[in-house]
Every structure is written in structure tokens, then in C-alpha cells.
Amino acid sequence: MEEQLAELVAKVAELEAAAGGAAVTNTMFAETFYYLTIPLMIIIHAGFLAYEMGASRLKNVLSSGVKNILAFAFMIPTFYFFGWWIYWGFPTGLPGAAGPAGISGVEYANAIAWGWGESAQYMGPNIADQASGVFFGAFALFAATTASIMSGAVIERIQTVGFIILAVVLGSFAWVVAAAWGWHADGWLVTKWGVHDFGAAGLVHAVAGFFALGVLINLGPRIGKFNADGSANHIPGHNMPLTVTGLMLIIVGFWGFLMACVIVPGEAWSWFADKPSTIYGTPITLSALSFNILMAVAGGIIGAWLFTRDPFWMMSGALAGIISTASGLDIYFPALAFIIAFSAGIILKPCADWLEKRGIDDAVGAVTVHGTIGLYGVVMLGIWGSGYPALQGAAGEVPTISLIGQIVGAIVFFLLGFVPGYVVSLLLKMAGMLRIREGAELAGMDIVKVPAAGYPEWGGDAPVTPAHPAE
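All chains use their own residue numbering, which begins from 1 and follows the written sequence. In keeping with the predicted nature of the model, local features appear solely for residues at pLDDT of at least 70, side-chain atom pairs appear and are counted solely at 80 or more, and the whole-chain, interface and lining totals rest on all residues. To get the side-chain values, take all heavy atoms of the structure and skip hydrogens and water.

*Asks:* How do you make sense of the overall build of the protein when you look at a structure like this?
*Replies:* Numbering goes from the N terminus for both helices and strands, where a helix is a DSSP run of H or I of at least four residues and a strand is a run of E of at least two. Across its full length, the protein holds 15 helices and 2 strands. Relative to the 2.2 N^0.38 estimate, which gives 23 Å for 471 residues, the radius of gyration of the protein is 24 Å and therefore close to what a compact globule would have. We call a residue buried when its accessible area falls under 20% of the maximum for its residue type, exposed when it is over 50%, and partly exposed in between, using a 1.4 Å probe and counting protein chains only. Each of the 471 residues in the protein was classed as buried or not, and the buried ones make up 54%. Put simply, of all contacts in the protein between residues at least 6 apart along the chain, 78% involve residues at least 24 apart. Summed over its atoms, the accessible surface of the protein is roughly 19500 Å², and 70% of this surface lies on carbon and sulfur atoms. Averaged over its 17 positive side-chain charges, the protein has a centre that lies 18 Å from the centre of its 29 negative ones. The globule rule is 2.2 Å times the number of residues to the power 0.38, and the radius of gyration it is compared with is taken over C-alpha atoms. Any pair of residues with heavy atoms lying within 4.5 Å of one another is described as a contacting pair. Surface accessibility in these figures is a Shrake-Rupley result with a 1.4 Å probe; residues are shielded only by whichever protein chains are displayed. We treat Lys and Arg as the positive residues and Asp and Glu as the negative residues; His and chain ends play no part in the count. Note on charges: their place is set at NZ of Lys, CZ of Arg, CG of Asp or CD of Glu.

*Asks:* Please explain a nonpolar patch on the surface as it appears in this structure.
*Replies:* Where nonpolar side chains cluster on the molecular surface, the patch consists of Ile383, Trp384, Leu403, Ile407, Ile411, Leu415, Val419, Val423, Leu427 and Met430 and spans about 910 Å² of accessible area. When residues in the nonpolar patch are grouped by element, the largest group, 8 residues, is from helix α13 (residues 403-430). Its relative accessible area of 46% is what places Ile411 among the partly exposed residues. Patch membership needs two things, relative accessible area over 30% and no salt bridge, and members are linked within 9 Å if like-charged or within 5 Å if nonpolar (Val, Leu, Ile, Met, Phe, Trp, Tyr). The salt bridge criterion pairs a side-chain nitrogen of Lys or Arg with a carboxyl oxygen of Asp or Glu, the two atoms within 4 Å.

*Asks:* When you look at the environment of Glu31 in this model, what are you seeing that I'm missing?
*Replies:* Within the secondary structure, Glu31 sits in helix α1 (residues 2-55). Residue class for Glu31 comes out partly exposed when judged on its relative accessible area of 23%. Taking the C-alpha atoms as reference points, Glu31 and Gly382, separated by 351 residues in sequence, lie 33 Å from one another. Once residues lying within four places of it in the same chain are set aside, the contact partners of Glu31 are Gln130 and Val134.

*Asks:* What is the right way to read the nonpolar core from this model?
*Replies:* Across soluble globular proteins, nonpolar side chains show a tendency to be buried alongside one another. Counting residues in each nonpolar core, the largest one holds 126 residues, and the members touching the most others are Trp84, Trp175, Trp183 and Phe257. Per-element tally for this core: the top contributor is helix α5 (residues 160-182), with 15 residues. For Trp84, the residues in contact, after removing those within four places along its chain, are Phe79, Ala113, Met123, Phe135, Phe136 and Phe139. Buried residues of nine kinds, namely Ala, Val, Leu, Ile, Met, Phe, Trp, Tyr and Cys, make up a nonpolar core once their side-chain atoms join them within 4.5 Å. Ala337, Ile340, Leu381 and Ile401 belong to the second-largest nonpolar core, a separate cluster that totals 8 residues.

*Asks:* Honestly, the side chain of Asn218 in this entry has me stumped. Any pointers?
*Replies:* Within the element layout of this structure, Asn218 appears in helix α7 (residues 201-219). Asn218 sits in the buried class, given a relative accessible area of 7%. Polar contacts here mean pairs of N or O atoms no more than 3.5 Å apart (in protein, one a potential hydrogen donor and the other a potential acceptor; neighbouring residues in sequence count only if both atoms are side-chain atoms). Polar contacts involving the side chain of Asn218 include one to the main-chain carbonyl oxygen of Tyr422, which spans 3.0 Å. In contact with Asn218, not counting residues within four places along its chain, are Tyr422, Ser425, Leu426, Lys429 and Leu434.

*Asks:* How should the packing of helix α4 (residues 132-153) against α7 be read in this particular structure?
*Replies:* Each pair of packed helices can be summarised by the angle the axes make with each other and by the distance between the axes. Where α4 meets α7, the axes come as close as 9 Å, and the angle between the chain directions of the two elements is 35°. Crossing angle aside, the handedness with which α4 passes α7 is right-handed. The segment α4 lies against α7, with Thr146, Ile149, Met150 and Ala153 engaging Val204, His205, Ala208, Gly209, Phe211, Ala212 and Leu216. Class assignment of the residues belonging to the contact of α4 with α7 gives a composition of 8 nonpolar, 3 polar and no charged. What counts as an axis is a line fitted to C-alpha atoms, over the stretch in contact for a helix, and the angles between N-to-C directions run from 0 to 180 degrees. Helix crossings get a hand from a simple test, with the near helix turned counterclockwise from the far one by less than a right angle marking a left-handed crossing and a clockwise turn marking a right-handed one. When residues are grouped by polarity, Ala, Val, Leu, Ile, Met, Phe, Trp, Tyr, Cys and Pro land in nonpolar, Asp, Glu, Lys and Arg in charged, and all others, Gly among them, in polar.

*Asks:* Sorry, what's going on with helix α10 (residues 311-326) here?
*Replies:* Multiplying 1.5 Å by the helix residue count minus one yields the expected span of that helix. Look at α10: 23 Å from first C-alpha to last across 16 residues, which is about the 22 Å you get at 1.5 Å a residue. A large share of α10 lies buried, amounting to 14 of its 16 residues. Here α10 starts with a cap whose side-chain oxygen sits 2.8 Å from the backbone nitrogen of Phe312, and that cap is Asp310.

*Asks:* Please explain the environment of Gly102 as it appears in this structure.
*Replies:* Locating Gly102 in the fold gives a position in the loop between α2 (61-89) and α3 (106-112). Along the backbone, Gly102 and Asp186 are 84 residues apart, and their C-alpha atoms lie at a distance of 7.9 Å. Ignoring any residue separated from it by four or fewer positions in sequence, one finds Gly102 in contact with Tyr108 and Asp186.

*Asks:* Explain the packing of helix α9 (residues 286-308) against helix α11 (residues 334-356) to me, please; I cannot follow it from the model alone.
*Replies:* Packing of α9 against α11 brings their axes to within 7 Å, and their N-to-C directions diverge by 35°. Handedness of the α9/α11 crossing: right-handed.

*Asks:* Just to check I follow, could you spell out the packing of aromatic side chains for this structure?
*Replies:* What describes a pair of aromatic rings is the distance from one ring centre to the other and the angle between the planes of the rings. Pairing of aromatic side chains here covers Phe, Tyr and the six-membered ring of Trp, requires ring centres within 6.5 Å, and sorts the geometry by plane angle: under 30 degrees stacked, over 60 edge-to-face, intermediate tilted. Under the counting rule described, the total for this entry stands at 34 aromatic pairs. Ring geometry for Tyr87 versus Phe139: centroids 4.8 Å apart, planes at 50°, classification tilted. Note that Tyr87 is positioned in helix α2 and Phe139 in helix α4, a separation of 52 residues in sequence. Neither residue differs from the other here; Tyr87 and Phe139 are each classed as buried. Here, a charge over a ring is recorded when the distance from Lys NZ or Arg CZ to the ring centre is within 6 Å and its angle to the ring normal is within 35 degrees. One Lys or Arg, Lys275, reaches over the ring of Phe272 and ends 4.3 Å from the middle of that ring.

*Asks:* Would you mind going over the side chain of Asn233 with me for this structure?
*Replies:* Looking at where Asn233 falls in the secondary structure, it is placed in strand β1 (residues 233-234). Taking relative accessible area as the criterion, Asn233 reaches 10% and is therefore assigned buried. Here the side chain of Asn233 touches Asn227 through a polar contact of 2.8 Å, side chain to side chain.

*Asks:* Can you walk me through the pattern of salt bridges in this structure?
*Replies:* Opposite charge on two side chains lets them pair, provided their charged atoms get close. As enumerated under the stated definition, the model contains 9 salt bridges in all. With a closest N to O distance of 2.9 Å, Asp361 and Arg222 form a salt bridge. With Asp361 in the loop between α11 and α12 (366-384) and Arg222 in the loop between α7 and β1, the pair connects residues that are 139 residues apart, well separated along the chain. The exposure class of Asp361 is buried, given its relative accessible area of 2%. Among the salt bridges present, the one from Asp274 reaches Lys275, with a minimum N-O distance of 3.5 Å. When its relative accessible area of 38% is taken as the criterion, Lys275 is described as partly exposed. Linked through salt bridges whose partners overlap, the residues forming this network are Arg57, Glu156, Arg157, Arg222 and Asp361.

*Asks:* Please clarify how unusual backbone geometry should be interpreted in this entry.
*Replies:* Peptide bonds are, in most cases, trans, and in most cases residues other than glycine have a negative phi. Residue Pro95 is reached from Leu94 by a cis peptide bond, and omega for that bond is 15°. Looking at the element boundaries, Pro95 is found in the loop between α2 and α3. Look at Ala200: it is not a glycine, yet its phi comes out positive at around 65°. Mapped onto the elements, Ala200 comes out in the loop between α6 (188-193) and α7. Given the relative accessible area of 0%, Ala200 is considered buried. Residues other than glycine seldom take positive phi values, yet Arg309 does so here, at roughly 65°. Note that Arg309 resides in the loop between α9 and α10.

Written as C-alpha cells, this is what we have:
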């Protein structure tokens with residue numbers, strides 16, 4: 001009997017040791033999973049860098065690159081010092097009360113999201129906490145993405161300091177409020193309206209796109225963009241292959257972006273012990289993402305190709321395909337994802353042309369690709385995903401996705417982007433900090449802003465030609 005008891009005790013100890021090993025393995029997997037999303041999302045910024053520099057004329061190529069690099073650099077510390085705190089502090093809105101899930105509110109944010117005092121244990125080296133840093137890193141890269149979206153729209157005429165101020169307001173405040181309200185289990189858009197935006201079509205892309213629109217209204221068009229009769233000229237960038245390659249790199253980075261939207265199982269902060277989930281606690285698998293992302297990319301390219309035959313708009317169509325389906329990548333079947341993305345590719349160029357006819361000079365189509373298509377994607381989920389749970393919980397006890405709820409979310413995301421973009425850029429304009437002087441713009445920003453030459457042996461500039469030569 002004693003031998004049997006001893007044997008049983010040994011087996012229990014062996015099982016406990018195995019369980020502990022499994023827990024360590026899962027924790028290491030979770031940490032590595034999010035850690036890898038960070039360099040993948042940095043590829044997005046390599047893409048934006050190439051994309052914007054290629055879309056700029058020779059005389060502005062390096063200034064466009066410098067601006068994009070600075071947007072990335074300023075997002076990290078500002079998101080660390082106050083952006084992360086906003087996300088956890090205000091999901092329920094003002095005054096920052098705690099939400100039903102108990103993971104929000106100013107008091108909660110003070111405890112985990114300040115970089116000093118007691119909460120600094122979660123905002124720095126701590127061997128007992130393997131999650132906070134990689135979560136922060138993923139979210140900080142989301143913030144940097146919003147700034148880069150706005151960056152492309154305003155190339156060749158915006159002041160560097162004014163741009164940095166705008167980037168900080170967008171990346172560490174405006175989109176973070178949208179995320180707190182619509183991308184958090186305690187967010188009031190989720191709990192009250194059933195808003196669901198898995199891949200951030202609205203709360204990242206639409207917010208950034210319409211923030212850019214607010215800025216463009218005050219910034220004005222590039223010199224030579226519009227004629228006296230209101231017709232538009234096409235101002236080509238110096239390197240279309242670089243621009244298209246940059247767009248493809250953004251697609252590569254999107255895999256990391258969407259991967260970071262998945263909550264892995266088995267951790268204290270996970271929704272489930274045995275299966276992954278969205279940030280709302282609803283079901284998701286990487287397999288589903290693989291089907292839908294690939295179908296969305298293909299659908300967007302094909303739709304844009306049928307309408308334009310233009311490689312720039314084809315690759316922009318790839319972005320539009322992902323963005324148009326991003327809200328429901330966890331719900332859609334691949335055929336539906338393809339159809340939605342295809343339709344986004346079809347409407348992309350007409351929407352951009354409509355904006356241009358209203359005197360808006362969006363150098364890379366960011367307002368349309370990210371703003372218009374972002375809201376299109378949010379609303380599409382209200383049509384095709386209506387009735388699905390918007391949040392984890394028992395049937396009948398949680399909000400469900402609805403067309404009305406998604407429209408409400410779309411309106412809120414539009415306002416959170418456009419209003420601060422317009423107001424802050426107007427204040428900068430009044431202070432003389434928004435646009436460079438005419439002489440500097442004509443000479444080229446690289447000459448007056450950058451102590452280097454992008455192509456010192458080339459010189460010259462790309463010509464301004466009519467947007468529609470056949471007309």
C-alpha cells in the first residue's frame with residue numbers, strides 16, 4: 001500500500017511538473033506571438049516610406065521620407081506617456097468610470113498604464129510580466145500606422161513641425177479614443193451599440209483618413225495641382241516602381257497588423273484557455289484570417305484593375321480590399337470577403353476623383369483608400385454580419401452586430417478623425433506653422449529642409465501634366 005501511495009504521489013508530481021512546463025510553453029508562445037507582430041508592422045512603415053518617397057517629385061523625395069520617419073519616431077514616446085493610458089482610461093467615455101468587464105477606467109489606467117510610480121512595473125522590465133510590453137508594442141505600431149496614413153496625403157507642402165504636432169494628435173489621441181470606445185470589451189460603442197471592428201477598418205483607417213481630410217482642407221493643394229477653371233493636373237511622383245513596391249510591403253505588414261488583433265488562449269488575460277479570440281472575445285482563428293486576407297487582396301486588385309488598368313490603383317486596390325473586409329475578417333467566408341473587396345476596388349478611383357473635383361489635393365489617395373473605404377467596410381459588416389454576437393457572452397445577454405450600430409460607429413469614427421484634424425490644422429495655419437512658403441515649395445523641400453540630396457547626379461523635376469490628357 002505504501003509503495004502504491006508513493007507511486008501515486010510521484011505520478012501526481014510528474015503531472016504537475018508537466019502542467020507547469022506547458023504553462024511556460026504557452027506563455028513563451030504568447031509572448032513570441034505578439035513580439036513578432038512588431039517587426040511585421042514595422043514593415044508597414046518601410047512600405048509607407050517607399051510609397052511616399054516614390055510618389056514625391058525629385059525635389060521633395062527626402063523631405064517626404066524624413067517626415068515619415070519622424071512620424072514613426074514621435075509616436076513611440078507619446079503613445080508611451082499618454083496614448084496607452086487613454087486607451088485603458090476612457091472606454092466608457094467621460095469621466096472615465098470603470099466598465100462592466102472591470103478592465104477600464106481612469107483608476108485602472110493609473111494602476112497599469114503610467115510609465116512611473118507603482119504602475120511602472122507594467123511599463124518596463126519585469127520578469128513576472130511577459131505580456132504588457134509586447135501588447136504595448138503592438139498598439140504603439142497601430143498608432144504609428146495612423147500617422148503614416150495621414151503623412152502620405154500631405155506630402156510636398158507641409159511644415160515638418162506642424163506635421164509632427166498633427167501626427168501626435170492623431171496617433172496618440174484621436175485614434176486611441178476611437179479604439180477605447182470601439183475596440184475594447186468595455187467600450188461604450190460595443191456595449192451599447194454592438195459595434196464590431198475586428199481589423200480596425202474604422203477606428204484606425206477611417207479615423208486616420210478623415211483626419212487627413214480635415215488637414216487637407218486647411219493645407220490646400222500643391223502649387224500647379226489645379227487650373228483656374230478648377231480642372232486638375234496630374235503631378236506624377238518620380239518613381240512608380242518604388243511606390244508600388246512600397247504598397248506591396250504594406251500588404252506584407254498587414255499580416256502582422258491583423259495577427260496582433262488576435263488574443264491568444266491560455267493566459268491570465270486571455271478570453272479562453274483553449275481557443276483564440278478577437279479583442280471582443282468572439283471566435284477567430286489564424287486559418288480564417290489566411291483565407292480571408294488572401295481573398296481580400298486579390299479581390300481589391302482585380303476590381304481596381306478592371307476599372308483603371310493603373311498599377312498604382314491596382315496596389316491601392318489591394319489595400320482597399322483588406323480595409324473593406326477588416327471589420328469582419330473573423331466572420332466572413334472567403335467568397336464574401338472576395339466580393340466585398342472586389343466592390344471596394346471598383347469604387348476606389350471614382351471616389352478619389354470625386355474628392356479631387358472638390359479641390360482636395362490628396363497626393364496618394366489616402367482619404368479614399370483609408371477613410372472612405374474604411375467606413376465602407378464598417379457599414380458592410382452591418383449588412384452581412386447582422387445578428388452575430390459583437391461581444392463574448394451568453395446568447396441574448398450580449399449586444400449583436402446590426403446595421404444601425406455599425407452606422408453609428410462609422411459616424412463616430414468619422415467625427416473622431418475629421419474634427420481634430422480640421423481644428424488642429426486650422427490653429428496651426430493661423431499660427432503660420434502648417435504650410436511651407438511658396439518659394440520653398442517651388443524650389444523643392446529637399447533644398448531648404450534636408451541636408452542631403454536623394455539623387456545628386458540626377459537633378460531636375462517631374463513635369464506637371466493634365467490629369468486626363470485625352471480630354
